[in-house]
Amino acid sequence: METTSGNLASALKIEPGITAIIGSGGKSTLLKTLGLELMRAGGRVLLCTTTHMFPVAGVPWDGSSRRLDSAPWKPGALHVPGCTCEACAGMNRGSICQAGVLDPETGKLSAPAEPLNELAQRFDYVLAEADGSKRLPLKAHATWEPVIPAATANVVWLVGASGLGEPVAEVVHRPELFCERCGCEPTDIATPEHVAQVLNAELRMLNLSNARICLLYTSPSPRDRSLS
């Protein structure tokens, strides 16, 4: 993968439109990192999900029942919930917000009420978390996921390097599917070769040959957390 110093959005070649972020734990962090980079470059950015996610910390969402249930924000700027100015309609350059319907029982957001292809007409970038991983660094996809909108311009597939060298059963979401696709056992170590086999199998299965693979150290392994 080509890299660009200090600019993850450029390294991943994020183009305007809808970007679906799939794969391992760390998607919300990547969502926010990309969103802030694109905002600082002058983009109008919307963060959301096509499934369920916890709200992204530090990015405004006023929880109203408006179709666009959020309001853009700039670092250091004040936000008034319910504002209907051009900035709060997503028209201001260099802004970021998040949209979604909040479930008060789980504290998670689901997809925005307004279709993403319509939101994409008012924002330069719509960044959507498109599957779950229970915060584990590696995962295998079930048949019903990821939930990628039809109009998606970019797909970023996150792989957590912190899962490498750890037992599959401890660091993989849906370890049985992972093992099925690479021929290992849940007690085996998740090697780079196993992860590559699963990625290749799923790239073909999901017809995502153009997805950008992002290998990041996303979080400490379960073994590391038990020592802290």
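Refer to the structure above for everything that follows.
About the thresholds
Residues numbered from 1 in each chain as written. Predicted model: local features only at pLDDT ≥ 70, side-chain atom pairs only at ≥ 80, totals over all residues. Heavy atoms only, no water. 1 Å grid on protein atoms, 1.4 Å probe; cavity = no way out; pocket = protein on both sides within 12 Å on 5 of 7 lines; lining within 4 Å. Points joined across faces, edges and corners; volume = space filled by probe spheres on them. Helix = DSSP H or I, 4+ residues; strand = E, 2+ residues; numbered from the N terminus. Nonpolar A, V, L, I, M, F, W, Y, C, P; charged D, E, K, R; others polar. Core = buried A, V, L, I, M, F, W, Y, C linked by side-chain atoms within 4.5 Å. Buried < 20%, exposed > 50% of the residue type's maximum accessible area, 1.4 Å probe, protein only. Contact = heavy atoms within 4.5 Å. Salt bridge = Lys/Arg side-chain N within 4 Å of Asp/Glu carboxyl O. Pairing = 2+ DSSP bridges. Axes fitted to C-alpha atoms, helices over the stretch in contact; angles between N-to-C directions.

Draft legend 1. Up close: empty space enclosed by the protein. Summed over the entire model, instances satisfying the criterion amount to one cavity of 30 Å³ or more. Taken as a whole, the largest cavity spans an internal volume of roughly 100 Å³. What lines the largest cavity is Gly23, Ser24, Leu138, Lys139, Trp157, Leu158, Val159, Phe178, Val195, Val198, Leu199 and Glu202. When contributions to the lining of the largest cavity are tallied by element, the ones reaching two or more residues are β8 (138-139), β9 (152-160) and α6 (192-205).

Draft legend 2. Molecular detail of unusual backbone geometry. Residue Glu145 is joined to Pro146 through a cis peptide bond whose omega torsion reads -5°. Along the polypeptide, Pro146 turns up in the loop between β8 and β9.

Draft legend 3. The arrangement of the layout of surface pockets in detail. Approximately 590 Å³ is the volume found for the largest pocket. Residue lining of the largest pocket: 24 residues in total, with Glu129, Gly132, Ser133, Lys134 and Arg135 positioned closest to the centre. Elements represented by at least two residues in the lining of the largest pocket include exactly α2 (27-40) and β3 (52-53). Looking at the lining of the largest pocket residue by residue, the classes come out as five nonpolar, 11 polar and eight charged. For the second largest pocket, the calculated volume is near 180 Å³. Around the second largest pocket, the lining comprises 13 residues; the ones closest to its centre are Thr152, Val155, Leu208, Asn210 and Ala211.

Draft legend 4. Examining the nonpolar core more closely. Ranked by size, the top nonpolar core spans 24 residues in total, and within it Leu138, Trp157, Val168, Phe178 and Leu208 carry the most contacts. Listing elements by their share of this core, those giving two or more residues are β1 (17-23), β9, α4 (168-171), α5 (175-182) and α6. When sequence neighbours within four positions are dropped, the list of residues in contact with Leu208 reads Ile22, Ile148, Val155, Trp157 and Leu203.

Draft legend 5. Structural detail: the pattern of salt bridges. According to the stated counting rule, one finds seven salt bridges in the structure shown. The shortest N-O distance in the salt bridge between Arg122 and Glu114 comes to 2.6 Å. Across the salt bridge formed by Glu145 and Arg174, the nearest N and O atoms sit 2.2 Å from each other. Placement of Glu145 in the loop between β8 and β9 and of Arg174 in the loop between β10 (172-173) and α5 is noted, with a sequence separation of 29 residues between them. Of the residues examined, Glu145 reaches a relative accessible area of 7% and is grouped as buried. Classification of Arg174 by relative accessible area gives buried; the value is 16%. In this structure, a network of salt bridges that share partners links the residues Lys27, Asp131, Lys139, Glu145 and Arg174.

Draft legend 6. Here's a closer look at the sheet that holds β9. Spatial strand order, β4-β2-β7-β1-β9-β11: six strands in an open sheet with parallel pairing. Each end of this open sheet is capped by a strand with a single partner; those strands are β4 (95-98) and β11 (212-216). Neighbour to neighbour, the strand axes of the sheet diverge by 20° on average, direction disregarded. As paired strands, strand β2 (residues 44-49) and strand β7 (residues 125-129) are joined by five bridges and run parallel to one another. Looking at β7, one finds that Thr49 is bridged to Glu129. α2 contacts β1, β2, β4, β7, β9 and β11 of the sheet and is inclined by roughly 175° relative to β7. Against the sheet, α6 makes contact with β9 and β11, and its axis sits at roughly 160° relative to β9, the strand it touches most.

Keep in mind these values describe shape, not function.
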